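# Survey of secondary and tertiary structure
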Amino acid sequence: MAIMPLITSIHSLRTQNPEDVAVDLAPYVSQLSQKAISETGAFCVVLSGGTLIHTLRKLTQSPHKELVNWARWFIFWVDERVVPLDNPDSNYFLARNDFLSKVPIPSKNIHHIYYSPCSEAVAIDYQYQLSNRVQQKVVPLSATGFPQFDLMLLGIGPDGHVASLFPNRTERYNRTDWVTYINDSPKPPPKRITFTFPVINSAKHIAMVVTGKEEANAVAITLEKLQVRPPLPCSWVEPQVSLTWFLDRDAASKLPPNFNKK
Ligand SMILES: O=C1O[C@H](COP(=O)(O)O)[C@@H](O)[C@H](O)[C@H]1O
């Protein structure tokens, strides 16, 4: 099979505000959903926490809400805070309140963690949930043997972290597990689980959705391919088919004025 080059695109108009980003993101997701479902009968989506969930709001409104075949969606999380599911720090709690409760995805297709105080046990269980969906052939395996999702919707932090893979931490180098854990995250809450880079980079499509000034440095370093030590985790994101950055003007504010013309 021929290796296709990765398509990278940037949705960053200098006038774009967070509302414009939400408007752009909805048809992008809706079109990928339609394509995946027509090809395989399922759309396997990975969510992150943070501002991404609010930016998905247009998808829960007309015309997208009616157009999307929600019954065929399967939801996983790229990372999760190891807290009870009704804790406001939980990425599931945030997604349930602001997104999942507004669209008819079958609850059996929503793969949240099962809380226990032991983050290692939570990671093992989450990998087990995912392996069941792989066995059922809902989530296929990539050529390298890692689960291959149709779409990951990711945010980044000001330090360039993506998922719960932080710059000065060893989890980012894990090349064997599908899911790993962390007990002393530099960003609270301390206990988390996270997909590893081989799983993230096996995805077909990834959208990096970034709004706000705080992440502007990390965005500029990554998109301008500037050398920093250690490299920012978000600069390692490299899916199989397309990588699309959705930026508002604040997130794009440290990019040089001629950036899109390069
Ligand atoms: O802690 C986390 O932070 C990142 C970034 O969040 P944002 O609010 O700056 O967009 C998020 O993507 C990740 O899922 C979350 O656990």
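First, a word on scope: everything that follows refers to the structure included in this document. (Residues numbered from 1 in each chain as written. Predicted model: local features only at pLDDT ≥ 70, side-chain atom pairs only at ≥ 80, totals over all residues.)

### Here's the deal with the overall build of the protein chain
Scanning the protein chain from terminus to terminus reveals 7 helices and 9 strands. Taking the principal axes of its C-alpha atoms as reference, the protein chain extends roughly 45 × 45 × 40 Å. Counting all 262 residues of the protein chain, 44% fall into the buried class. Residue pairs in contact within the protein chain that sit at least 24 positions apart in sequence constitute 78% of those at least 6 positions apart. (Helix = DSSP H or I, 4+ residues; strand = E, 2+ residues; numbered from the N terminus. Buried ≥ 20, exposed ≤ 12 C-beta atoms within 10 Å, placed from the backbone. Contact = placed C-beta atoms within 7 Å.)

### Side note on helix 5 (residues 119–135)
Helix length check: helix 5, at 17 residues, gives a terminal C-alpha distance of 24 Å against a target of 24 Å (1.5 Å per residue), a fit within 8%. Those residues of helix 5 that fall on the buried side of the exposure criterion are Ser-119, Val-122, Ala-123, Tyr-126 and Leu-130. Down the axis of helix 5, the sector holding all buried residues measures 100 degrees, keeping them to one side. Set apart from the buried face of helix 5 by more than 90 degrees, the exposed residues are Tyr-128, Asn-132 and Gln-135. On the buried face of helix 5, the contacting elements are strand 3 (73–77), strand 6 (179–182) and strand 7 (192–195). Phi for Lys-137, located one or two positions after helix 5, is positive at around 65 degrees. (Expected span 1.5 Å × (residues − 1). Arc of directions from axis to C-beta.)

### A word on the site of the ligand
Around the ligand sit 13 residues, and of these Ser-48, Gly-49, Gly-50, Thr-51 and Gly-155 come closest. Of the residues in the shell around the ligand, the class split is 3 nonpolar, 8 polar and 2 charged. (Near = placed C-beta within 6 Å. Nonpolar A, V, L, I, M, F, W, Y, C, P; charged D, E, K, R; others polar.)

### Describing the sheet that holds strand 6
Across the sheet, which stays open at both edges, the 3 strands sit in the order 4-7-6 with antiparallel pairing between neighbours. The open sheet has two edge strands with one neighbour each: strand 4 (79–81) and strand 6. Averaged over all pairs of adjacent strands, the angle between their axes in this sheet comes to 15 degrees, without regard to strand direction. With 3 bridges joining them, strand 4 and strand 7 adopt antiparallel strand pairing. By the bridge assignment, Asp-79 is partnered in strand 7 with Thr-194. (Pairing = 2+ DSSP bridges. Axes fitted to C-alpha atoms, helices over the stretch in contact; angles between N-to-C directions.)

### Thoughts on the nonpolar core
In terms of nonpolar packing, the biggest core is built from 75 residues, with Leu-25, Val-45, Met-152, Leu-153, Ala-207, Met-208 and Val-209 touching the most fellow members. The dominant element in this core, judged by the number of residues it contributes, is helix 1 (residues 18–40), at 8 residues. In this view, Val-45 contacts Trp-73, Phe-74, Ile-75, Phe-149, Asp-150, Leu-151 and Leu-153; residues no more than four positions away in its chain are not counted. (Core = buried A, V, L, I, M, F, W, Y, C linked by C-beta atoms within 7 Å.)

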